[in-house]
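# Structure at a glance
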Amino acid sequence: MTTKRRKRRRRRSSRQETLRDLCLLGFVLVCAVVLYAGSQSVLRSYVKKHDDGRILSGVFVGNTDVSGMNRKEALEAVQKDVTDCGAVMVTLEISEEKEFEASLNELGLSSPGLKDAVEEAVEYGKTGTMSQSYKLIKKAQKKKLEHRIPLEYKVEERAAARVLSSRSQVMLDTPVNAAIVQGPEGIQVTEPKEGEVLNTEQTIQNLNRFLNEGWNGKPGNVQAVIEKKDAPVTAEDLAELTDILGSCTTYYGDSGEGRLKNVESGANHLNGIFLRPGEEQSANEAMEPYTIENGYAEADSYESNTVVQTMGGGICQVSSTLYNALLFAELEIVERYPHSMLVSYVEASKDAAIADDLLDLVFKNNLDYPIYIQAVLADGNLTFNIYGKETRSPDRTLTFISESRESEDTEGKRFVATENYIGYLAIQSYAHPEITAQLWKVVTENGQEVSRDVINYSQYMAVPETYGVGVLSDDPADTDKMNNAIMTQDEETIQNTMNEILYGPADYTDDTGNTQQ
(Lines give C-alpha, C1' and ligand atoms only; values in the text may rest on other atoms or scores of the structure.)
Protein backbone atom coordinates (compact mmCIF):
# COMPACT_ATOMS: atom_id res chain seq x y z
CA MET A 1 0.00 0.00 0.00
CA THR A 2 1.34 3.30 -0.96
CA THR A 3 1.92 6.12 1.44
CA LYS A 4 -0.69 8.29 -0.32
CA ARG A 5 -3.42 5.68 0.15
CA ARG A 6 -2.70 5.34 3.83
CA LYS A 7 -2.98 9.08 4.30
CA ARG A 8 -6.32 9.25 2.45
CA ARG A 9 -7.70 6.41 4.57
CA ARG A 10 -6.64 8.11 7.81
CA ARG A 11 -8.28 11.40 6.75
CA ARG A 12 -11.52 9.59 5.86
CA SER A 13 -11.56 7.83 9.21
CA SER A 14 -10.92 11.10 11.08
CA ARG A 15 -13.82 12.81 9.32
CA GLN A 16 -16.17 10.00 10.21
CA GLU A 17 -15.17 10.15 13.86
CA THR A 18 -15.69 13.93 13.94
CA LEU A 19 -19.11 13.55 12.35
CA ARG A 20 -20.07 10.93 14.93
CA ASP A 21 -18.90 13.22 17.74
CA LEU A 22 -20.88 16.16 16.34
CA CYS A 23 -24.00 14.06 16.00
CA LEU A 24 -23.61 12.82 19.55
CA LEU A 25 -23.06 16.37 20.84
CA GLY A 26 -26.09 17.58 18.90
CA PHE A 27 -28.20 14.82 20.38
CA VAL A 28 -27.02 15.70 23.89
CA LEU A 29 -27.77 19.40 23.32
CA VAL A 30 -31.23 18.62 21.96
CA CYS A 31 -31.93 16.46 24.98
CA ALA A 32 -30.67 19.20 27.30
CA VAL A 33 -32.86 21.81 25.59
CA VAL A 34 -35.86 19.52 25.78
CA LEU A 35 -35.19 18.80 29.44
CA TYR A 36 -34.62 22.51 30.26
CA ALA A 37 -37.73 23.53 28.37
CA GLY A 38 -39.69 20.83 30.13
CA SER A 39 -38.39 21.82 33.55
CA GLN A 40 -39.04 25.52 32.85
CA SER A 41 -42.54 24.63 31.71
CA VAL A 42 -43.12 22.72 34.92
CA LEU A 43 -41.66 25.58 37.01
CA ARG A 44 -43.67 28.17 35.08
CA SER A 45 -46.82 26.17 35.60
CA TYR A 46 -46.04 25.86 39.31
CA VAL A 47 -45.28 29.58 39.72
CA LYS A 48 -48.38 30.53 37.74
CA LYS A 49 -50.50 28.19 39.83
CA HIS A 50 -49.36 29.95 43.00
CA ASP A 51 -49.64 33.48 41.56
CA ASP A 52 -53.01 34.35 43.09
CA GLY A 53 -52.24 38.06 43.52
CA ARG A 54 -51.27 37.60 47.16
CA ILE A 55 -47.96 38.42 48.78
CA LEU A 56 -45.66 35.57 49.81
CA SER A 57 -45.65 34.56 53.44
CA GLY A 58 -42.73 36.13 55.31
CA VAL A 59 -42.66 39.43 53.41
CA PHE A 60 -42.65 42.70 55.41
CA VAL A 61 -43.03 46.30 54.26
CA GLY A 62 -41.18 48.31 56.86
CA ASN A 63 -42.44 46.90 60.16
CA THR A 64 -45.73 45.61 58.68
CA ASP A 65 -46.19 41.89 58.00
CA VAL A 66 -48.07 41.75 54.68
CA SER A 67 -47.98 37.96 54.28
CA GLY A 68 -50.90 36.59 52.26
CA MET A 69 -52.38 40.02 51.53
CA ASN A 70 -53.44 41.32 48.15
CA ARG A 71 -52.37 44.75 46.89
CA LYS A 72 -55.34 46.65 48.40
CA GLU A 73 -55.12 44.89 51.78
CA ALA A 74 -51.36 45.47 52.02
CA LEU A 75 -51.71 49.14 51.11
CA GLU A 76 -54.36 49.67 53.80
CA ALA A 77 -52.34 47.75 56.41
CA VAL A 78 -49.13 49.69 55.78
CA GLN A 79 -50.96 53.02 55.69
CA LYS A 80 -52.65 52.18 59.00
CA ASP A 81 -49.31 51.32 60.61
CA VAL A 82 -47.77 54.57 59.35
CA THR A 83 -50.75 56.48 60.75
CA ASP A 84 -50.46 54.64 64.08
CA CYS A 85 -46.78 55.54 64.18
CA GLY A 86 -47.90 59.17 64.38
CA ALA A 87 -48.64 58.61 68.07
CA VAL A 88 -45.03 57.57 68.78
CA MET A 89 -43.17 60.12 70.90
CA VAL A 90 -39.64 61.18 70.05
CA THR A 91 -37.41 62.82 72.65
CA LEU A 92 -35.26 65.67 71.35
CA GLU A 93 -32.11 66.01 73.45
CA ILE A 94 -30.70 69.51 73.84
CA SER A 95 -28.24 68.54 76.58
CA GLU A 96 -28.00 66.05 79.45
CA GLU A 97 -30.33 68.23 81.51
CA LYS A 98 -32.61 69.59 78.77
CA GLU A 99 -34.92 67.66 76.48
CA PHE A 100 -38.43 67.87 75.09
CA GLU A 101 -40.87 65.53 73.40
CA ALA A 102 -42.93 65.66 70.22
CA SER A 103 -45.16 63.09 68.54
CA LEU A 104 -44.37 62.04 65.00
CA ASN A 105 -47.86 63.16 64.04
CA GLU A 106 -47.04 66.71 65.22
CA LEU A 107 -43.82 66.57 63.21
CA GLY A 108 -45.74 65.65 60.04
CA LEU A 109 -44.71 62.00 59.62
CA SER A 110 -45.26 60.58 56.13
CA SER A 111 -44.01 57.77 53.92
CA PRO A 112 -43.63 59.10 50.37
CA GLY A 113 -42.56 55.74 48.87
CA LEU A 114 -45.29 53.67 50.51
CA LYS A 115 -47.14 52.65 47.32
CA ASP A 116 -43.91 51.65 45.55
CA ALA A 117 -42.85 49.54 48.54
CA VAL A 118 -46.21 47.71 48.56
CA GLU A 119 -45.95 47.13 44.81
CA GLU A 120 -42.49 45.63 45.32
CA ALA A 121 -43.93 43.31 47.97
CA VAL A 122 -46.71 42.16 45.63
CA GLU A 123 -44.18 41.40 42.86
CA TYR A 124 -41.64 39.71 45.12
CA GLY A 125 -41.17 36.08 44.02
CA LYS A 126 -42.99 36.66 40.72
CA THR A 127 -40.17 38.26 38.74
CA GLY A 128 -36.70 37.01 37.83
CA THR A 129 -36.04 33.43 36.70
CA MET A 130 -38.56 30.63 37.16
CA SER A 131 -36.01 28.79 39.28
CA GLN A 132 -35.62 31.75 41.65
CA SER A 133 -39.39 32.21 41.91
CA TYR A 134 -39.91 28.49 42.57
CA LYS A 135 -37.33 28.49 45.37
CA LEU A 136 -38.89 31.57 47.02
CA ILE A 137 -42.40 30.11 46.82
CA LYS A 138 -41.28 26.80 48.33
CA LYS A 139 -39.40 28.66 51.06
CA ALA A 140 -42.50 30.75 51.83
CA GLN A 141 -44.65 27.61 52.01
CA LYS A 142 -42.28 26.13 54.58
CA LYS A 143 -42.47 29.38 56.62
CA LYS A 144 -38.73 29.88 56.16
CA LEU A 145 -38.89 33.03 54.07
CA GLU A 146 -38.14 36.40 55.67
CA HIS A 147 -37.84 39.39 53.38
CA ARG A 148 -38.17 42.99 54.54
CA ILE A 149 -38.74 45.82 52.06
CA PRO A 150 -37.48 49.12 53.54
CA LEU A 151 -40.11 51.83 54.00
CA GLU A 152 -38.94 55.42 53.75
CA TYR A 153 -40.15 57.80 56.46
CA LYS A 154 -39.80 61.56 56.66
CA VAL A 155 -41.15 64.48 58.66
CA GLU A 156 -42.72 67.52 57.00
CA GLU A 157 -40.20 70.35 57.23
CA ARG A 158 -42.59 73.23 57.94
CA ALA A 159 -44.61 71.39 60.58
CA ALA A 160 -41.48 69.99 62.23
CA ALA A 161 -39.74 73.36 62.25
CA ARG A 162 -42.73 75.00 63.97
CA VAL A 163 -42.93 72.37 66.71
CA LEU A 164 -39.17 72.14 67.25
CA SER A 165 -38.72 75.91 67.41
CA SER A 166 -41.58 76.60 69.81
CA ARG A 167 -40.72 73.76 72.23
CA SER A 168 -37.00 74.31 72.27
CA GLN A 169 -37.17 78.08 72.63
CA VAL A 170 -38.24 78.02 76.29
CA MET A 171 -35.18 75.87 77.08
CA LEU A 172 -32.63 77.97 75.26
CA ASP A 173 -30.83 81.15 76.19
CA THR A 174 -31.84 82.75 72.90
CA PRO A 175 -30.12 85.78 71.36
CA VAL A 176 -31.57 89.12 72.41
CA ASN A 177 -31.92 91.72 69.68
CA ALA A 178 -31.10 95.33 70.20
CA ALA A 179 -34.35 97.10 71.08
CA ILE A 180 -35.86 100.57 71.13
CA VAL A 181 -37.18 101.48 74.58
CA GLN A 182 -38.58 104.62 76.15
CA GLY A 183 -36.22 105.55 78.99
CA PRO A 184 -36.05 108.42 81.47
CA GLU A 185 -34.02 110.42 78.99
CA GLY A 186 -36.20 109.63 75.98
CA ILE A 187 -35.76 106.96 73.33
CA GLN A 188 -32.85 104.60 73.97
CA VAL A 189 -31.39 101.60 72.13
CA THR A 190 -30.40 98.56 74.19
CA GLU A 191 -27.41 96.39 73.30
CA PRO A 192 -27.92 92.92 71.75
CA LYS A 193 -26.80 89.66 73.40
CA GLU A 194 -25.41 86.47 71.87
CA GLY A 195 -27.45 83.32 72.52
CA GLU A 196 -28.40 79.77 71.59
CA VAL A 197 -30.57 78.83 68.61
CA LEU A 198 -31.86 75.52 67.31
CA ASN A 199 -30.54 74.53 63.90
CA THR A 200 -33.89 73.20 62.65
CA GLU A 201 -32.51 71.98 59.31
CA GLN A 202 -29.86 69.73 60.85
CA THR A 203 -32.22 68.60 63.63
CA ILE A 204 -34.78 67.54 61.01
CA GLN A 205 -31.99 65.67 59.19
CA ASN A 206 -31.25 63.84 62.45
CA LEU A 207 -34.95 62.97 62.81
CA ASN A 208 -35.14 61.54 59.28
CA ARG A 209 -31.92 59.61 59.84
CA PHE A 210 -33.36 58.11 63.05
CA LEU A 211 -36.51 57.02 61.17
CA ASN A 212 -34.66 55.41 58.27
CA GLU A 213 -31.72 53.65 59.91
CA GLY A 214 -33.29 50.56 61.43
CA TRP A 215 -36.16 52.25 63.26
CA ASN A 216 -38.44 49.65 64.91
CA GLY A 217 -41.50 51.85 65.25
CA LYS A 218 -40.84 52.54 68.94
CA PRO A 219 -40.10 55.80 70.81
CA GLY A 220 -36.50 56.95 70.69
CA ASN A 221 -34.08 59.80 71.27
CA VAL A 222 -32.80 62.25 68.66
CA GLN A 223 -30.08 64.83 69.16
CA ALA A 224 -31.20 68.43 68.68
CA VAL A 225 -28.51 70.60 67.08
CA ILE A 226 -27.86 73.81 69.04
CA GLU A 227 -25.63 76.66 67.85
CA LYS A 228 -24.33 79.90 69.30
CA LYS A 229 -25.39 82.94 67.30
CA ASP A 230 -25.23 86.70 67.48
CA ALA A 231 -28.49 88.59 67.64
CA PRO A 232 -29.64 89.50 64.10
CA VAL A 233 -30.56 93.08 65.04
CA THR A 234 -27.72 95.23 66.33
CA ALA A 235 -27.66 98.63 68.04
CA GLU A 236 -26.18 100.07 64.84
CA ASP A 237 -29.25 98.87 62.91
CA LEU A 238 -31.52 100.89 65.18
CA ALA A 239 -29.33 103.92 65.76
CA GLU A 240 -31.16 106.17 63.29
CA LEU A 241 -34.68 104.81 63.86
CA THR A 242 -35.77 107.38 66.41
CA ASP A 243 -38.98 108.66 64.80
CA ILE A 244 -42.44 107.17 65.32
CA LEU A 245 -43.91 106.89 61.83
CA GLY A 246 -47.23 105.43 62.95
CA SER A 247 -48.96 104.42 66.16
CA CYS A 248 -52.26 102.92 67.32
CA THR A 249 -53.72 101.95 70.71
CA THR A 250 -56.70 99.72 71.56
CA TYR A 251 -58.09 98.61 74.93
CA TYR A 252 -58.25 94.91 75.84
CA GLY A 253 -58.25 95.09 79.65
CA ASP A 254 -61.83 93.86 80.18
CA SER A 255 -61.27 90.62 78.23
CA GLY A 256 -61.52 87.18 79.82
CA GLU A 257 -58.39 85.50 81.16
CA GLY A 258 -57.76 83.46 78.00
CA ARG A 259 -58.17 86.44 75.70
CA LEU A 260 -55.92 88.61 77.88
CA LYS A 261 -53.20 86.00 77.60
CA ASN A 262 -53.59 85.70 73.84
CA VAL A 263 -53.48 89.45 73.16
CA GLU A 264 -50.34 89.83 75.27
CA SER A 265 -48.66 86.75 73.79
CA GLY A 266 -49.43 87.81 70.22
CA ALA A 267 -48.14 91.35 70.89
CA ASN A 268 -44.92 90.00 72.38
CA HIS A 269 -44.34 87.82 69.31
CA LEU A 270 -44.62 90.88 67.06
CA ASN A 271 -42.57 93.12 69.32
CA GLY A 272 -39.07 93.80 67.98
CA ILE A 273 -39.68 92.97 64.32
CA PHE A 274 -37.05 94.70 62.18
CA LEU A 275 -37.57 95.08 58.45
CA ARG A 276 -35.06 96.40 55.97
CA PRO A 277 -36.25 98.15 52.79
CA GLY A 278 -38.11 95.71 50.53
CA GLU A 279 -38.64 93.03 53.19
CA GLU A 280 -42.10 91.56 53.90
CA GLN A 281 -43.59 90.23 57.14
CA SER A 282 -46.57 88.00 57.85
CA ALA A 283 -48.25 88.74 61.18
CA ASN A 284 -49.59 85.19 61.33
CA GLU A 285 -46.15 83.63 60.84
CA ALA A 286 -44.71 85.84 63.58
CA MET A 287 -47.42 84.87 66.10
CA GLU A 288 -47.99 81.18 65.32
CA PRO A 289 -48.23 78.41 66.34
CA TYR A 290 -51.28 79.03 68.51
CA THR A 291 -50.44 76.47 71.17
CA ILE A 292 -50.14 76.36 74.94
CA GLU A 293 -46.36 75.91 74.58
CA ASN A 294 -46.18 79.12 72.56
CA GLY A 295 -48.06 81.14 75.16
CA TYR A 296 -51.69 80.89 74.03
CA ALA A 297 -54.98 79.74 75.55
CA GLU A 298 -58.56 79.10 74.44
CA ALA A 299 -60.83 82.13 74.07
CA ASP A 300 -63.67 83.51 71.97
CA SER A 301 -63.09 84.04 68.26
CA TYR A 302 -65.19 84.43 65.12
CA GLU A 303 -65.88 81.41 62.94
CA SER A 304 -68.17 82.21 60.03
CA ASN A 305 -70.97 84.17 61.73
CA THR A 306 -70.67 82.64 65.19
CA VAL A 307 -68.42 83.03 68.23
CA VAL A 308 -66.51 79.86 69.17
CA GLN A 309 -63.74 78.87 71.56
CA THR A 310 -60.39 78.46 69.79
CA MET A 311 -56.73 78.46 70.72
CA GLY A 312 -55.42 82.00 70.33
CA GLY A 313 -58.85 83.67 70.34
CA GLY A 314 -58.28 87.43 70.48
CA ILE A 315 -55.16 87.69 68.31
CA CYS A 316 -57.23 89.59 65.73
CA GLN A 317 -57.17 92.59 68.08
CA VAL A 318 -53.38 92.39 67.91
CA SER A 319 -53.30 92.30 64.10
CA SER A 320 -55.97 95.02 63.82
CA THR A 321 -54.06 97.35 66.15
CA LEU A 322 -50.90 96.73 64.17
CA TYR A 323 -52.78 97.31 60.90
CA ASN A 324 -53.78 100.81 61.96
CA ALA A 325 -50.24 101.67 63.06
CA LEU A 326 -48.95 100.45 59.69
CA LEU A 327 -51.49 102.65 57.88
CA PHE A 328 -50.22 105.75 59.65
CA ALA A 329 -46.63 104.73 58.86
CA GLU A 330 -47.75 104.36 55.22
CA LEU A 331 -46.17 100.94 54.84
CA GLU A 332 -47.43 98.80 51.98
CA ILE A 333 -50.24 96.42 52.98
CA VAL A 334 -49.76 93.28 50.88
CA GLU A 335 -52.61 91.24 52.36
CA ARG A 336 -55.50 92.12 54.70
CA TYR A 337 -58.95 90.63 55.37
CA PRO A 338 -61.96 91.94 57.32
CA HIS A 339 -63.80 89.89 59.94
CA SER A 340 -67.10 88.25 59.10
CA MET A 341 -68.74 90.46 61.75
CA LEU A 342 -67.96 93.87 63.23
CA VAL A 343 -65.48 94.01 66.11
CA SER A 344 -65.69 96.35 69.06
CA TYR A 345 -62.10 97.60 69.29
CA VAL A 346 -61.82 99.37 65.91
CA GLU A 347 -64.23 100.89 63.39
CA ALA A 348 -65.49 99.11 60.29
CA SER A 349 -62.75 98.56 57.68
CA LYS A 350 -60.04 99.26 60.26
CA ASP A 351 -59.84 95.60 61.33
CA ALA A 352 -57.49 92.87 60.11
CA ALA A 353 -58.58 89.27 60.66
CA ILE A 354 -56.18 86.39 61.34
CA ALA A 355 -57.05 82.73 60.78
CA ASP A 356 -54.23 80.21 60.86
CA ASP A 357 -53.03 79.67 57.25
CA LEU A 358 -56.29 81.15 55.86
CA LEU A 359 -56.42 84.86 56.68
CA ASP A 360 -53.33 86.95 57.30
CA LEU A 361 -51.99 90.46 57.61
CA VAL A 362 -48.91 90.80 55.41
CA PHE A 363 -47.02 94.07 55.05
CA LYS A 364 -43.89 95.32 53.30
CA ASN A 365 -41.32 97.95 54.12
CA ASN A 366 -41.63 100.11 51.01
CA LEU A 367 -39.54 102.91 52.55
CA ASP A 368 -35.92 103.82 51.96
CA TYR A 369 -34.94 103.08 55.57
CA PRO A 370 -35.45 100.14 57.96
CA ILE A 371 -38.42 100.08 60.32
CA TYR A 372 -38.79 98.65 63.82
CA ILE A 373 -42.05 97.50 65.45
CA GLN A 374 -42.54 98.08 69.15
CA ALA A 375 -45.46 96.60 71.13
CA VAL A 376 -46.35 98.22 74.45
CA LEU A 377 -48.73 96.64 76.99
CA ALA A 378 -49.81 98.91 79.84
CA ASP A 379 -52.97 99.34 81.95
CA GLY A 380 -55.05 97.11 79.66
CA ASN A 381 -53.97 99.01 76.56
CA LEU A 382 -52.14 97.58 73.56
CA THR A 383 -50.03 100.02 71.55
CA PHE A 384 -47.99 99.45 68.43
CA ASN A 385 -45.35 102.01 67.46
CA ILE A 386 -43.64 101.87 64.08
CA TYR A 387 -40.17 103.40 64.38
CA GLY A 388 -38.13 104.61 61.44
CA LYS A 389 -36.60 107.72 59.90
CA GLU A 390 -39.20 110.38 59.20
CA THR A 391 -38.88 111.90 55.72
CA ARG A 392 -42.42 113.29 55.39
CA SER A 393 -43.18 116.97 55.77
CA PRO A 394 -44.26 118.03 59.28
CA ASP A 395 -47.09 119.97 57.60
CA ARG A 396 -48.52 116.75 56.14
CA THR A 397 -51.24 114.92 58.14
CA LEU A 398 -53.13 111.66 57.63
CA THR A 399 -56.71 110.85 58.53
CA PHE A 400 -58.45 107.48 58.03
CA ILE A 401 -62.22 107.71 57.78
CA SER A 402 -64.53 104.69 58.02
CA GLU A 403 -67.62 105.04 55.86
CA SER A 404 -70.35 102.40 55.96
CA ARG A 405 -73.81 101.62 54.58
CA GLU A 406 -76.32 99.50 56.51
CA SER A 407 -79.13 97.17 55.46
CA GLU A 408 -82.32 96.58 57.45
CA ASP A 409 -82.06 95.91 61.20
CA THR A 410 -81.84 92.31 62.40
CA GLU A 411 -84.21 90.65 64.82
CA GLY A 412 -83.89 87.98 67.49
CA LYS A 413 -81.14 87.12 69.94
CA ARG A 414 -77.97 85.10 69.79
CA PHE A 415 -76.29 83.32 72.70
CA VAL A 416 -72.57 82.49 72.93
CA ALA A 417 -70.54 80.67 75.57
CA THR A 418 -68.11 82.77 77.63
CA GLU A 419 -65.35 82.09 80.15
CA ASN A 420 -67.62 83.09 83.06
CA TYR A 421 -69.14 80.76 85.63
CA ILE A 422 -72.64 79.36 85.18
CA GLY A 423 -75.13 82.02 86.24
CA TYR A 424 -73.58 84.74 84.09
CA LEU A 425 -75.94 86.06 81.40
CA ALA A 426 -75.24 89.49 79.98
CA ILE A 427 -75.41 91.36 76.70
CA GLN A 428 -72.16 91.18 74.75
CA SER A 429 -73.04 93.32 71.77
CA TYR A 430 -76.09 95.00 70.36
CA ALA A 431 -77.64 93.94 67.09
CA HIS A 432 -76.26 95.43 63.91
CA PRO A 433 -77.42 94.98 60.33
CA GLU A 434 -75.39 93.80 57.37
CA ILE A 435 -72.77 96.46 56.74
CA THR A 436 -70.74 97.40 53.69
CA ALA A 437 -67.80 99.62 54.61
CA GLN A 438 -64.88 101.37 52.97
CA LEU A 439 -61.86 103.12 54.43
CA TRP A 440 -60.78 106.50 53.13
CA LYS A 441 -57.22 107.80 53.40
CA VAL A 442 -57.27 111.59 53.52
CA VAL A 443 -54.03 113.56 53.17
CA THR A 444 -53.77 117.25 54.04
CA GLU A 445 -50.83 119.63 53.68
CA ASN A 446 -50.80 122.99 55.47
CA GLY A 447 -54.44 122.38 56.39
CA GLN A 448 -55.53 121.82 52.78
CA GLU A 449 -56.79 118.42 51.55
CA VAL A 450 -54.58 117.15 48.75
CA SER A 451 -55.91 113.62 48.27
CA ARG A 452 -58.76 111.32 49.32
CA ASP A 453 -58.53 107.64 48.33
CA VAL A 454 -60.40 104.45 49.25
CA ILE A 455 -57.83 101.91 50.50
CA ASN A 456 -60.09 98.95 51.33
CA TYR A 457 -63.63 97.59 51.12
CA SER A 458 -65.20 95.34 53.78
CA GLN A 459 -68.41 93.34 54.09
CA TYR A 460 -69.83 92.39 57.52
CA MET A 461 -72.65 89.96 58.20
CA ALA A 462 -75.80 91.01 60.04
CA VAL A 463 -75.66 90.03 63.71
CA PRO A 464 -78.57 89.86 66.17
CA GLU A 465 -78.35 91.09 69.75
CA THR A 466 -75.71 88.87 71.35
CA TYR A 467 -75.68 87.61 74.93
CA GLY A 468 -72.79 85.93 76.71
CA VAL A 469 -73.63 82.84 78.77
CA GLY A 470 -71.26 81.52 81.43
CA VAL A 471 -70.39 77.83 81.10
CA LEU A 472 -67.55 77.36 83.61
CA SER A 473 -68.18 74.92 86.47
CA ASP A 474 -66.27 72.61 88.78
CA ASP A 475 -68.49 69.84 87.39
CA PRO A 476 -67.74 69.10 83.70
CA ALA A 477 -71.23 67.62 83.33
CA ASP A 478 -72.79 70.99 84.17
CA THR A 479 -70.56 72.69 81.60
CA ASP A 480 -71.73 70.16 78.99
CA LYS A 481 -75.37 70.85 79.91
CA MET A 482 -74.91 74.60 79.43
CA ASN A 483 -73.10 74.16 76.14
CA ASN A 484 -75.87 71.88 74.88
CA ALA A 485 -78.48 74.44 75.97
CA ILE A 486 -76.64 77.22 74.13
CA MET A 487 -76.59 75.10 70.98
CA THR A 488 -80.41 75.21 70.95
CA GLN A 489 -80.27 79.06 70.80
CA ASP A 490 -83.56 79.01 72.74
CA GLU A 491 -83.59 81.59 75.54
CA GLU A 492 -86.07 79.67 77.70
CA THR A 493 -84.07 76.46 77.46
CA ILE A 494 -80.87 78.29 78.37
CA GLN A 495 -82.50 80.05 81.35
CA ASN A 496 -84.14 76.83 82.63
CA THR A 497 -80.89 74.86 82.33
CA MET A 498 -79.01 77.57 84.20
CA ASN A 499 -81.61 77.65 87.00
CA GLU A 500 -81.67 73.86 87.28
CA ILE A 501 -77.88 73.73 87.68
CA LEU A 502 -77.85 76.57 90.22
CA TYR A 503 -80.98 75.80 92.25
CA GLY A 504 -81.98 72.23 91.38
CA PRO A 505 -85.05 71.01 89.47
CA ALA A 506 -87.92 73.52 89.72
CA ASP A 507 -91.52 72.75 90.63
CA TYR A 508 -94.14 73.68 88.05
CA THR A 509 -97.88 73.14 87.52
CA ASP A 510 -99.11 71.18 84.52
CA ASP A 511 -102.31 71.78 82.54
CA THR A 512 -104.41 69.70 84.97
CA GLY A 513 -103.39 71.79 87.95
CA ASN A 514 -101.17 69.07 89.43
CA THR A 515 -97.81 70.05 90.84
CA GLN A 516 -94.93 68.27 89.09
CA GLN A 517 -91.24 68.16 89.82
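One can find the structure itself at the top, above this paragraph.
All of these numbers come straight from a predicted model, not from anything done at the bench. Numbering of residues begins from 1 in every chain and follows the order in which that chain's sequence is written. In keeping with the model being predicted, local features are shown solely for residues with a pLDDT of at least 70 and side-chain atom pairs are shown and tallied solely at 80 or more, while totals for entire chains, interfaces and linings include all residues. Excluded from the side-chain calculations are hydrogens and water; all other atoms, namely the structure's heavy atoms, are used.

Before going further, it helps to spend a moment on the environment of P338. Here a helix means four or more residues in a row that DSSP labels H or I, a strand means two or more in a row labelled E, and each is numbered from the N terminus. Of note, P338 is situated in the loop between strand 16 (332-335) and strand 17 (362-364). For P338, a relative accessible area of 24% gives the class partly exposed. Separated by 22 residues in sequence, P338 and C316 have C-alpha atoms that sit 9.9 Å apart. In this structure P338 touches D351, A353, S458, Q459 and Y460, once residues within four positions along its chain are discounted. Buried means the residue's accessible area, taken with a 1.4 Å probe over protein chains only, is under 20% of the maximum for its type, while exposed means over 50%, and partly exposed covers the values in between. Contacts are assigned to residue pairs that have any heavy atoms within 4.5 Å of one another.

We now examine the packing of aromatic side chains. For any pair of aromatic rings, the description consists of the separation of the ring centres together with the inter-plane angle of the planes. Any two rings among Phe, Tyr and Trp, with Trp reduced to its six-membered ring, count as a pair given centres within 6.5 Å; such a pair is stacked if its planes are under 30 degrees apart, edge-to-face if over 60, and tilted if neither. Within this structure, the stated rule accounts for 5 aromatic pairs. Between the aromatic rings of F210 and W215, the centroid separation amounts to 6.2 Å while the plane-to-plane angle is 50 degrees, which identifies the pairing as tilted. The structure contains a cluster of three or more aromatic residues connected by ring pairs, namely Y153, F210 and W215. Geometrically, a lysine NZ or arginine CZ counts as sitting over a ring once it is within 6 Å of the ring centre and also within 35 degrees of the ring normal. The positively charged end of R148 is found above the aromatic ring belonging to F60, 4.5 Å away from the centroid.

Attention now moves to unusual backbone geometry. Of the consecutive residues E288 and P289, the connecting peptide bond is found in the cis state with omega at 0 degrees. Summarising the element assignment, P289 is placed in the loop between helix 9 (283-287) and strand 14 (298-303). With a phi angle near 60 degrees, K143 is a residue other than glycine that sits in the positive phi range. Tracing the backbone through its elements, the reader meets K143 in the loop between helix 4 (130-141) and strand 5 (147-149). Look at K143 and you get exposed, because its relative accessible area is 66%. Positive phi is not limited to glycine here, since N446 has a value of about 55 degrees. With respect to the helices and strands, N446 occurs in the loop between strand 23 (435-445) and strand 24 (448-460).

Each regular strand shows side chains that alternate between the opposite faces of the sheet. In terms of burial, strand 19 (residues 381-388) is a largely internal element, 7 of the 8 residues being buried. By the convention used here, strands pair only if DSSP detects at least 2 bridges between them. Looking at chain direction, strand 11 (residues 243-251) and strand 19 are connected through 8 bridges and run antiparallel. Note on strand 19: the bridge partner recorded for T249 is T383. Where strand 18 (residues 371-378) and strand 19 come together, 7 bridges link them in antiparallel fashion. The residue bridging Q374 from the neighbouring strand is N385, located in strand 19. Where strand 18 folds back onto strand 19 in an antiparallel hairpin, the turn is made up of 2 residues, including D379, whose phi is positive at roughly 55 degrees.

The term salt bridge refers to a pairing of a side-chain nitrogen on Lys or Arg with a carboxyl oxygen on Asp or Glu at a separation within 4 Å. Counting across every chain of the model gives 19 salt bridges. With a shortest N-O distance of 3.8 Å, E240 and K389 are connected by a salt bridge. Of the two residues, E240 is situated in the loop between helix 7 (235-238) and strand 11 and K389 in the loop between strand 19 and strand 20 (396-406); the sequence distance between them amounts to 149 residues. By relative accessible area, K389 is classed as partly exposed at 33%. For E347, the salt bridge is made with K350, and the minimal N-O distance between the two is 3.0 Å. For K350, a relative accessible area of 13% gives the class buried. Taken together, the shared-partner salt bridges connect E330, E390, R392, R396 and K441 into one network.

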